[in-house]
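Reading the structure
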Amino acid sequence: MIEFPRSSFNHWGLYVGNGYVVHLVPTGGSGGASVSFLSSFTSPSATVVKDLLKDVAGPGLKFLVKNLDHQYQLLPRDQILESAEKMIDEIVPYSVTTKNCEHFVTELRYGLAESRQVCLLFFRFHFSALWGLVPL
């Protein structure tokens, strides 16, 4: 799993070898480093694409290698790669809160869709609301 730092939400992809990453691009958006924040919130679907890691990372090649292997059972490598390759060019449902690029990657790798950044966002919002820092 590769995490690409962005200004608001981080973008995620799955490294599949030979310098390539499989990831989601919201419909109406463009791939690479320019996955737009606005299209992430407004698009109901995304396309599964395979791009060069360097193109997705963008200038400065900023990315982090992450995994949840300590928490979840990793699916067999061949199964992960085969599933990712089969999905290229498919249009899939997309939602920034329930079916985003991080959900996509964790489902490929572990068979379980999860987005830690969405969980963290909801935790921060609810914590702030609890202490009266944001109106409900």
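The present account deals with the structure reproduced in this document. (Residues numbered from 1 in each chain as written. Predicted model: local features only at pLDDT ≥ 70, side-chain atom pairs only at ≥ 80, totals over all residues. Heavy atoms only, no water.)

Comments concerning the nonpolar core
Side chains of nonpolar character tend, in soluble globular proteins, to be buried together. One finds L14, L24 and F104 to be the most contacted residues of the largest nonpolar core, which totals 19 residues. Looking at this core, the elements that each hand over two or more residues are β2 (11-17), β3 (20-26), β4 (45-52), α3 (77-87) and α4 (101-110). Excluding residues that lie within four positions of it along the chain, L24 makes contacts with H11, A46, T47, V48, V92, Y94, K99, N100, C101 and F104. (Core = buried A, V, L, I, M, F, W, Y, C linked by side-chain atoms within 4.5 Å. Buried < 20%, exposed > 50% of the residue type's maximum accessible area, 1.4 Å probe, protein only. Helix = DSSP H or I, 4+ residues; strand = E, 2+ residues; numbered from the N terminus. Contact = heavy atoms within 4.5 Å.)

Some points on the pattern of salt bridges
Per the counting criterion, the structure on display carries 5 salt bridges. Ionic pairing is found between E3 and K66, a salt bridge with its closest N-O pair at 3.0 Å. Residue E3 is found in strand β1 (residues 2-4), and its partner K66 is found in the loop between β5 (64-65) and α3; the two are separated by 63 residues along the sequence. Note that K86 is salt-bridged to E82, the shortest N-O span being 3.1 Å. One end of the pair is K86 and the other is E82, both in helix α3 and 4 residues apart, which spans about a single turn. (Salt bridge = Lys/Arg side-chain N within 4 Å of Asp/Glu carboxyl O.)

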